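Read off the chains here:
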Amino acid sequence: MTSRRGRVGARIVSLLPARADLAAMGRAPRRDLLAGLTVAIVALPLALGFGVSSGLGAQAGLATAVVAGALAAFFGGSNLQVSGPTGAMTVVLVPIVGEFGPSGVLTVGLMAGVMLVALAGLRAGKYMQYVPAPVVEGFSLGIACVIGLQQVPNALGVPKPESDRVLVVTWRAFEEFAHTPNWTAVALAVGVAVVMLGGARRLPTVPFSIVAVIAATIVAQTAGLDAAKPIGDLPAGLPTPSLSFLELGSVGTLLAPAVAVAALAALESLLSASVADGMTVGQKHDPDRELFGQGLANLAAPLFGGVPATGAIARTAVNVRTGAASRLAALTHAAILAVIVFAAAPLVSKIPLAALAGVLLATAVRMVEVGSLRAMAKATRSDALILVLTALATLALDLVYAVIIGLAVAGALALRAVAQQARLDQVPLDRGDHSAEEHALLAEHIVAYRIDGPLFFAAAHRFLLELTEVADVRVVILRMSRVSTMDATGALVLKDAVEKLKRRGILVLVSGIRPGQRQVLDSVGALELLRHEGREYDTTPEAIRAAHNHLEAAGVLPALPAQQIRTPSTSGEEALR
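Residues numbered from 1 in each chain as written. Predicted model: local features only at pLDDT ≥ 70, side-chain atom pairs only at ≥ 80, totals over all residues. Heavy atoms only, no water.

### Some points on the confidence of the model for the protein chain
Note that predicted coordinates carrying low pLDDT should not be read in detail.
Here's step 1: Mean pLDDT for the protein chain: 79, with 85% of residues reaching 70 or above.
Here's step 2: Segment residues 562-575: pLDDT under 50, and 19 contacts once partners within four positions in sequence are set aside and those in other chains are kept. (pLDDT = per-residue confidence, 0-100. Contact = heavy atoms within 4.5 Å.)

Below you can see the structure in the form of structure tokens.
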């Protein structure tokens, strides 16, 4: 009991910030403070926009960026990660807000936070690396499309239509715009998006998002554009912690959304941290600590009126490119946003919704990595299929189904590819010291097959079909030393093949069974069957000698002197199995 408590305690300590993390924040404070300021400028319009898109308002996005950004930066597993509200998370939250309201978001955030902390305790971070790249790319493409479509109502200056399906909302928004066009909103949204996309190509270090938003706000205010609807009043400061939970009976219905939020937070955060590692030299994140930090962030942010958060790839990339060296940069970003919340709320509230829509439209365009998509499409047909299906499922269904579909299709195609590696090849009999006539006589009655690759459920039945269609011979020798893996289905199929050949009067001899395959063969009774009457041998020459003796006893072959059956040398024994 004491040792178990000690292990649990050590595990908890390993998830907490270490002295080295704190010491690193004092090595290059000027670089970190400048990087944090730059990231805050970039993050401000994104936080406002994603808060509006989630359905909880701009203040929710700011609260998330401050609270989650600070906690994830301090407790997370990456020195350079910047966390906050993201477009992918808003896609999950919109239907929750529509059905359950702010209390539903609070409940989902807390449930997801607990799940993330539990995943960290179970050391599940390392398993995220097994998500196939086409699934991630397809998911990102689908998210980019959803984010872009979500902005259509605000970009067109029309009220958001009622529907949980983004395609339906987009279509109805265009219908409303056709009846009452609002070209002012369109001009502001398109203008902000063009400035951001065009400016980033020429001067990538300039935060054109904030420049464009400020310009759009000034134009809307000075020109008195009534059609440019502003964000609205923002509270000066963060709200006091609230515990407005749903009734216990409703919590069960939010379990699936909470799982989706936790999975998305884990996947996006670990992906973002990996991107940060790849952009630097000497940086390597701790995936379990990152899950722990994100869990704490998602436990706290909803209490202050925020939404669930994840690591943000775009903001993390800006952080790295502007020279961040430690967690101090991400903490600075959160602190500056907090100052804005307390000191500049009246000014922020005047930003037109159409301008924020333009910011998110440009963000959606930037999320589409054309080079990566082209590479995936050209890699294999399977990769292209996985990418397209995941993207379409993200757009037409939801994120949970999209990831499940992507992983299921990727797994099925991977199994198919592995199964195709299994081969059943006929191999020539070893001549030994036989004469040509004697060897021809042996070959007339004995056939040898070598099984290469995995013998498992995805390939086993094809193997059975090939083996049981063997020509009319007296003895079949199976060389199994090259079987890479075997499951219970493969063992059962092998047993079935032996029994079917036996019913045809064909003796089956086996050579070269590996030690790791004996347990599965024994579990289904195949090993006992093969051992019956001495049908299992270490090497192929031994099996050939047994086959010759069998044919001799049956009167098919004349007796041969024992010295004519060659005993394999030690060096060549493995090749003859």
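On we go from here.
### A word on the environment of Ile313
Here's step 1: Structurally, Ile313 is set in helix α15 (residues 313-321).
Here's step 2: As for Ile313 and Val275, which are separated by 38 residues in sequence, their C-alpha atoms are 7.4 Å apart.
Here's step 3: Setting aside residues no more than four positions away along its own chain, Ile313 makes contact with Leu271, Ser272 and Val275. (Helix = DSSP H or I, 4+ residues; strand = E, 2+ residues; numbered from the N terminus.)

### A word on the packing of aromatic side chains
Where two aromatic rings form a pair, the distance of their centres and the angle of their planes describe that pair.
Here's step 1: Inspection of every chain in the model, using the stated rule, returns 3 aromatic pairs.
Here's step 2: With 6.4 Å between their ring centres and 80 degrees between their planes, Phe75 and Phe292 make a pair best called edge-to-face. Taken together, the residues span a long stretch of sequence, with Phe75 in helix α4 (residues 58-75) and Phe292 in helix α14 (residues 287-300) at a distance of 217 residues.
Here's step 3: For the pair Phe177 and Trp183, a centre-to-centre distance of 5.1 Å together with 85 degrees between the ring planes defines the contact as edge-to-face.
Here's step 4: Judged by its relative accessible area of 60%, Trp183 is exposed.
Here's step 5: Among the aromatic residues, those joined into a ring-pair cluster are Phe74, Phe75 and Phe292. (Phe/Tyr/Trp six-rings, centres within 6.5 Å; stacked < 30°, edge-to-face > 60°. Buried < 20%, exposed > 50% of the residue type's maximum accessible area, 1.4 Å probe, protein only.)

### A short note on the pairing of strand β4 (residues 446-455)
Within a regular beta strand, the side chains point alternately toward one face of the sheet and then the other, so they alternate between its two faces.
Here's step 1: With respect to burial, β4 is a largely interior element, 10 of its 10 residues being buried.
Here's step 2: Across 5 bridges, the pairing between strand β3 (residues 423-427) and β4 is antiparallel. Bridging across to β4, Gln426 finds its partner in Tyr449.
Here's step 3: Pairing analysis gives 5 bridges linking β4 to strand β5 (residues 475-479), with the strands arranged parallel. Across the sheet, the residue bridging to Arg450 is Arg479, located in β5.
Here's step 4: Relative to strand β6 (residues 483-486), β4 runs parallel, the two being bridged by 2 bridges. Bridged to Leu455 within β6 is Met486. (Pairing = 2+ DSSP bridges.)

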